[in-house]
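Secondary and tertiary structure notes
The lines below spell out each chain.
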Amino acid sequence: MKEKIGIIGLGYVGLPLAVEFGKKFEVIGFDINATRIAELSSGIDRTREVETSELTASTGLTFTTRVDELNKANIFIITVPTPIDEFKKPDLTPLIKASETVGKVLKRGDIVIYESTVYPGCTEEVCVPVLEKFSQLQFNLDFFCGYSPERINPGDKLHRVTDIKKVTSGSNPEIADRVDALYQTIIKAGTHKASSIKVAEAAKVIENSQRDLNIAFVNELALIFDRIGIDTHEVLEAAGTKWNFLPFKPGLVGGHCIGVDPYYLTHKAESLGYNPQVILSGRRINDNMGVYIANTVIKLMTQNKHKIHDANILVLGITFKENCPDIRNSRVVDVIYELKSFGANVDVYDPHADPEEVKHEYGLSLKKALDEKFHAVVMAVAHEEFKTLDWGAFTLPNTVVYDVKGVLPRQKVTARL
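Predicted model only: the values in this text are computed from it and were never measured.

Another point: the overall build of the protein. Broken down by element type, the protein carries 13 helices and 13 strands. Computed over its C-alpha atoms, the radius of gyration of the protein comes to 23 Å, within 12% of the 22 Å expected for a compact globule of 417 residues. For the protein, the spread of C-alpha atoms along the principal axes amounts to about 70 × 50 × 40 Å. Across the 417 residues in the protein, those meeting the buried criterion constitute 56%. Put simply, of all contacts in the protein between residues at least 6 apart along the chain, 72% involve residues at least 24 apart.

To continue, consider unusual backbone geometry. Trans peptide bonds make up most of the peptide bonds, and negative phi angles are found at most residues other than glycine. Phi angles above zero are rare outside glycine, and Arg48 is one such case at about 65°. On the secondary structure map, Arg48 appears in the loop between α2 (34-41) and α3 (52-57). One non-glycine residue with positive phi stands out, namely Gln136, at about 60°. Structurally, Gln136 can be placed in the loop between α5 (122-135) and β6 (144-147).

Spanning 32 residues, helix α7 (residues 197-228) covers 47 Å between terminal C-alpha atoms, matching the ideal 46 Å at 1.5 Å per step. Count one or two residues on from α7 and you reach Gly229, which has phi positive near 95°.

Let us now look at the pattern of salt bridges. Under the criterion given, the structure shown has 30 salt bridges. Between Arg46 and Asp354 there is a salt bridge whose closest N-O contact spans 2.9 Å. Here Arg46 is found in the loop between α2 and α3, whereas its partner Asp354 is found in the loop between β10 (345-349) and α13 (355-362), with 308 residues between them in sequence. Its relative accessible area of 37% is what places Arg46 among the partly exposed residues. A relative accessible area of 24% places Asp354 in the partly exposed class. One salt bridge connects Glu150 with Lys204, and the closest N-O pair in it is separated by 3.7 Å. Taken together, the residues span a long stretch of sequence, with Glu150 in the loop between β6 and β7 (166-168) and Lys204 in helix α7 at a distance of 54 residues. Considered together, Glu150 and Lys204 belong to a single accessibility category, that of buried residues. Salt bridges sharing partners connect three or more residues here, namely Glu39, Arg46, Asp354 and Glu357.

A surface patch of nonpolar side chains, amounting to about 270 Å² of accessible area, comprises Ile224, Ile228 and Ile230. Positionally, Ile228 belongs in helix α7.

One finds Met301, Val315, Ile318, Leu339 and Tyr402 to be the most contacted residues of the largest nonpolar core, which totals 40 residues. Of all the secondary-structure elements, those providing two or more residues to this core are α7, α11 (289-303), β9 (312-316), α12 (332-341), β10, α13, β11 (374-379) and β12 (395-403). A total of eight residues in this core trace back to one element, the largest contributor, which is α11. One finds Val126, Val167, Ala200 and Ile279 within the second-largest nonpolar core, a separate group that totals 37 residues.

Once that is clear, we can look at the sheet that holds strand β13 (residues 415-416). Whether parallel or antiparallel, the strands of a sheet pair through hydrogen bonds between backbone atoms. Spatial strand order, β10-β9-β11-β12-β13: five strands in an open sheet with parallel pairing. Taken across any chain shown, the strands that pair with only one partner, and hence form the sheet edges, are β10 and β13. Pairing of β9 with β11 involves four bridges; the strand directions are parallel. Paired with Leu314 across the bridge in β11 is Val377.

This part takes up the sheet that holds strand β5 (residues 111-114). Overall, parallel pairing links the six strands, which are arranged β3-β2-β1-β4-β5-β6 in an open sheet. Every other strand in the sheet has two partners, leaving β3 (61-64) and β6 as the edge strands with one partner each. Sheet twist, expressed as the average angle between the axes of neighbouring strands with direction ignored, equals 20°. Where strand β2 (residues 26-30) meets β3, four bridges bridge the pair, whose relative direction is parallel. What sits directly across from Gly29, in β3, is Phe63. Seen against the sheet, helix α4 (residues 93-105) touches β1 (4-8), β2, β4 (75-78) and β5 and runs at an angle of roughly 170° to β4. Against the sheet, α5 makes contact with β5 and β6, and its axis sits at roughly 140° relative to β5, the strand it touches most.

Calculation criteria
Residues numbered from 1 in each chain as written. Predicted model: local features only at pLDDT ≥ 70, side-chain atom pairs only at ≥ 80, totals over all residues. Heavy atoms only, no water. Helix = DSSP H or I, 4+ residues; strand = E, 2+ residues; numbered from the N terminus. Rg over C-alpha atoms; globule rule 2.2 N^0.38 Å. Buried < 20%, exposed > 50% of the residue type's maximum accessible area, 1.4 Å probe, protein only. Contact = heavy atoms within 4.5 Å. Expected span 1.5 Å × (residues − 1). Salt bridge = Lys/Arg side-chain N within 4 Å of Asp/Glu carboxyl O. Patch = residues over 30% accessible without salt bridge, like charges linked within 9 Å, V, L, I, M, F, W, Y side chains within 5 Å. Areas by Shrake-Rupley, 256 points an atom, 1.4 Å probe, with all protein chains shown as cover. Core = buried A, V, L, I, M, F, W, Y, C linked by side-chain atoms within 4.5 Å. Pairing = 2+ DSSP bridges. Axes fitted to C-alpha atoms, helices over the stretch in contact; angles between N-to-C directions.

Given below as structure tokens:
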């Protein structure tokens, strides 16, 4: 039987997946955002993950906001966000709502595959009951599930969805084989079939937890070396001459994965009566780096005899990573809010970020041009455009330049993380 695929959620994860499957299958791309659907239908992807030519080449792909259109599908892939709330607990609202949507159109023999990052057990403990309730069908008898965690790296044009090995799983051995075979049709890098859905869920959540902990380690080193009075990047460069030294650098840890996923794992651990210490310790270090950076900038400004109240400070970049428009869970805002708390005037310049999204998400207005002088400049995101700026146009002789990313020439900065 020729599969007909419904993909629910057309963001950074869902759209590239839909485009690739649309080259081989009939695919219904569903999203509740009507503006997003209208833009995609006209060949525009504001995330810049997919070019217009790629959308055109995906001949089997159509877009809709209508739930009834999903009736045509027999395989559903859910790729909605899984954020955390203000208390750093998993917010499963988008996942539950998407499961309700699919449950309304679910038929006997259908398969529902989840790609959203969750804690081990979430698919079967949270999502399946919702599917059963809204479909009035029985799990593993009338319908089936799979889990294949996303591994999208926003802004990365080298590691695309087809070039990254895919972990797959299913709710029984037969479904596991079918899910794996489905992804093999588009994943050139191959697949890894996990023994169960829980194993696949766990594999995903520890990928980013591991990276988070490694960055927390070098961030703690930066805090120590600042007190010693030596440059962290010089230390890492020296240590990196050993073949097995891991090349992590200090910085702000935000985005939709690394700064979020560890809390899904710790939430599950705590629900089982285990208090995770190492993971949460790393999270505390990384969550506090924005405040540390802002306070360091203020200290440097004082040393350079700048009046702090009403001083003009420029923050370069607000996206969570370089050369990418994604502002989700950007920790640059921690730096901005802390600098503002000292009474400074803080301007933000980012040619990649959408001004309306920034205003809506963080209540901040982006500067359109660098047409004034600043007492301090914080290089927060390493966009390529920033490396070739005419710094003399917006700095004073005693402007404090703080390089969070460690990408500017050492002689041009006052300090770096």
